[in-house]
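Single-letter residue listing:
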Amino acid sequence: MRDAVIVGAVRTPVARRKGGLATVHPVDLSGAVLRALAERANIDPADVEDVIWGCVSQIGEQSWNVGRNAALAAGWPESVPGTTLDRQCGSSQQALHFAAAAVISGQADLVVAGGVESMTRVPMGASAADGMPYGEAVRARYRGQAGFDDTAPVPFSQGVGAEMIAARWGFSRRQLDEYSLASHEKAAAAQDSGGFAAEITPIEAVTADEGVRRDTSLSKLAALKTPFRPNGVVTAGSASQISDGAAALAVTTSEFAAARGLTPLARVHTAVVAADDPVVMLTAPIPATAKALRRAGLGIEEIGVYEVNEAFAPVPLAWLAETEADPARLNPRGGAIALGHPLGASGARIMTTMLHHMRENGIRYGLQTMCEGGGMANATIVELP
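These lines cover the structure that appears in this document, whether it is placed above or below. Quantities reported herein were computed from a predicted structural model and do not represent experimental measurements.

**Overview of unusual backbone geometry**
Then, number 1: Phi is positive for K18, close to 65°, though the residue is something other than glycine.
Then, number 2: Checked against the element boundaries, K18 lands in the loop between β2 (15–16) and α1 (26–41).
Then, number 3: Classification of K18 as exposed rests on a relative accessible area of 69%.
Then, number 4: Here N231, not a glycine, exhibits a phi torsion of approximately 60°, which is positive.
Then, number 5: On the secondary structure map, N231 appears in the loop between α7 (218–222) and β6 (243–252).
Then, number 6: Overall, N231 belongs to the exposed group, its relative accessible area being 79%.

**Some remarks on the packing of helix α6 (residues 173–192) against helix α10 (residues 314–323)**
Then, number 1: Remark: α6 packs on α10, axes separated minimally by 10 Å, with the N-to-C direction vectors making an angle of 100°. Put simply, α6 runs roughly perpendicular to α10. Here Q175, L176 and Y179 of α6 come into contact with α10, specifically with P314, P316 and L317.

**Considerations on the side chain of E372**
Then, number 1: Examined against the element boundaries, E372 turns out to sit in strand β9 (residues 365–372).
Then, number 2: One buried charge, E372, has no salt-bridge partner; the nearest side chain with opposite charge is R87, at 4.5 Å.
Then, number 3: Among the polar contacts listed, one links the side chain of E372 to the backbone nitrogen of A377, at a separation of 3.4 Å.

**Here's the deal with helix α5 (residues 158–169)**
Then, number 1: For α5, with twelve residues, the first-to-last C-alpha span of 16 Å sits near the 16 Å given by 1.5 Å per residue.
Then, number 2: Taken as a whole, α5 has its buried residues at G159, V160, G161, A162, E163, M164, I165 and A166.
Then, number 3: Its buried side turned inward, α5 meets α10.
Then, number 4: With a side-chain oxygen lying 3.3 Å from the backbone nitrogen of G159, the N-terminal cap of α5 falls on S157.
Then, number 5: Backbone geometry just downstream of α5 places G170 in the positive-phi region, at approximately 75°.

**Notes on the nonpolar core**
Then, number 1: By size, the foremost hydrophobic cluster in this structure holds 48 residues, and its most contacted members are L282, I303, F312, W319 and I381.
Then, number 2: Elements that contribute at least two residues to this core include exactly α5, α6, β7 (266–275), α9 (285–296), β8 (305–308), α10, β9 and β10 (376–383).
Then, number 3: In this structure L282 touches Q158, G161, A162, I165, F312, V315 and C371, once residues within four positions along its chain are discounted.
Then, number 4: V7, A38, F256 and A257 belong to the second largest nonpolar core, which has 37 residues in total.

**Some remarks on the environment of G75**
Then, number 1: Mapping G75 onto the fold places it in the loop between α2 (66–73) and β4 (82–85).
Then, number 2: Classification of G75 by relative accessible area gives exposed; the value is 57%.
Then, number 3: Taking the C-alpha atoms as reference points, G75 and A167, 92 residues apart in sequence, are found 50 Å from one another.

**Some details on the packing of α1 against α2**
Helices that pack against each other are described as a pair by the angle of their axes relative to one another and the distance between those axes.
Then, number 1: One can describe the packing of α1 onto α2 by two numbers: an axis separation of 7 Å at closest approach and a directional angle of 60°. The angle between the axes of α1 and α2 places the two elements in the oblique class. Handedness of the α1/α2 crossing: right-handed. Residues V27, D28, S30, G31, L34 and R35 of α1 touch α2, and the partners they reach there are V66, N69, A70, A71 and A73.

**What to know about the packing of aromatic side chains**
Then, number 1: Across all of its chains, the model carries six aromatic pairs by this definition.
Then, number 2: When the centroid spacing of 6.4 Å and the interplanar angle of 40° are considered together, the rings of Y142 and F148 count as tilted.
Then, number 3: Since its relative accessible area comes to 10%, F148 is described here as buried.
Then, number 4: With a centroid separation of 5.8 Å and an interplanar angle of 70°, the aromatic rings of Y142 and F156 are classed as edge-to-face. Taken together, the positions of Y142 in helix α4 (residues 136–142) and F156 in the loop between α4 and α5 put the pair 14 residues apart, joining distant regions of the chain. In terms of burial, Y142 and F156 fall into one category: buried.
Then, number 5: What links up through ring pairs into an aromatic cluster is the set Y134, Y142, F148 and F156.
Then, number 6: Lying across the ring of F196, R11 places its NZ or CZ 5.2 Å from the centre.

**Remarks on the side chain of D209**
Then, number 1: Checked against the element boundaries, D209 lands in the loop between α6 and α7.
Then, number 2: What makes D209 buried here is its relative accessible area of 6%.

**Let's talk about the pairing of β9**
Two faces belong to every sheet, and in a regular strand the side chains alternate between them.
Then, number 1: Counting buried positions along β9 gives eight out of eight residues, so the element sits mostly inside the fold.
Then, number 2: Side chains Y365, L367, T369 and C371 project from β9 onto one buried face, and the interleaved G366, Q368, M370 and E372 project onto a second face that is buried too.
Then, number 3: As defined by bridge partners, β8 adjoins β9 across four bridges and the pair is classed as parallel. Bridge assignment links V305 to a residue of β9, and that residue is G366.
Then, number 4: For β9 and β10, the ladder comprises eight bridges, and the chain directions are antiparallel.

Cut-offs and rules
- Residues numbered from 1 in each chain as written.
- Predicted model: local features only at pLDDT ≥ 70, side-chain atom pairs only at ≥ 80, totals over all residues.
- Heavy atoms only, no water.
- Helix = DSSP H or I, 4+ residues; strand = E, 2+ residues; numbered from the N terminus.
- Buried < 20%, exposed > 50% of the residue type's maximum accessible area, 1.4 Å probe, protein only.
- Axes fitted to C-alpha atoms, helices over the stretch in contact; angles between N-to-C directions.
- Parallel < 35°, antiparallel > 145°, perpendicular 65-115°, else oblique.
- Contact = heavy atoms within 4.5 Å.
- Lys, Arg positive; Asp, Glu negative; His and termini not counted.
- Salt bridge = Lys/Arg side-chain N within 4 Å of Asp/Glu carboxyl O.
- Polar contact = N/O pair within 3.5 Å; in protein donor to acceptor, adjacent residues only side chain to side chain.
- Expected span 1.5 Å × (residues − 1).
- Core = buried A, V, L, I, M, F, W, Y, C linked by side-chain atoms within 4.5 Å.
- Left-handed = near helix turned anticlockwise from the far one by under 90°.
- Phe/Tyr/Trp six-rings, centres within 6.5 Å; stacked < 30°, edge-to-face > 60°.
- Lys NZ or Arg CZ within 6 Å of the ring centre and 35° of its normal.
- Pairing = 2+ DSSP bridges.

So, in structure tokens, the structure goes:
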């Protein structure tokens, strides 16, 4: 029976908006991480049967199928195809799911999954700049619902959704600030211990994630404004950072890996997608996790590490409250609040970080999930071989 194993996982440093990667075209950024993946995983690019690449703002420099252009920029053979997909923030996690499905089904033997987002060069929302992405039927369905603003250019707001989650679960401003500070502290500790070294390929002069704020504090976080609601609790400090970056994963079967002398890092055990209320938008990791655990036949206590994307601090906090998971196992090297959130790349970035943490600590099962625009979420369980 065919399976899906990950034999390579590499990412770029995640740079701040207008930071060290601002001068790098997103296609070149993608090509660089693909070259590093082939080198580190010892794969022959000629064996790659598809590149499935996540990207959210597919306009301008990220238009015209950035996945195919990435393979060409990497210098890979012209015989290597590529495609680009958008499942919002979960785009490159979905790319991994599609890659795993392709090799398990026998449609391919080696597929590369990953993604890119240069939020400096292609600003968030740029792809909707010339039109309303929601038709009248969608607006009519949610018109009048709390949190839906039909007068706004985009009536669904993730920031408002984060405030609604905080209110529903009763999270205070201090709880969100404490969580956010801890994210920076964990990321700084991982940097200091060399925890990210094995997963990052330097790009030009950028060798480390730029978003980690070592000088932040509860007092500094408490001074920030609440942009989504007057007297709210969510601030820029408890939200993910706007960032630039790329990440890539090589997916094949155990049989193909053995034949080519490749080393499996982990097996894709279970992969699911779920959806929830698109107005609150950010709660779907909760049903996605339940679905993944049910399909895997595992309990939450059997999972040694959880990566829940820190789009906003209320998201992982609500996830913890509902799953009753061990907080000590959550985002042990920090999350998007500290490391940044290059939208189309984040799914593969998070998986890359989780895989390296699992291997360094002998953790059998890891679970990754992330909220996505439209009220969706992917969840992936991986297992060490």
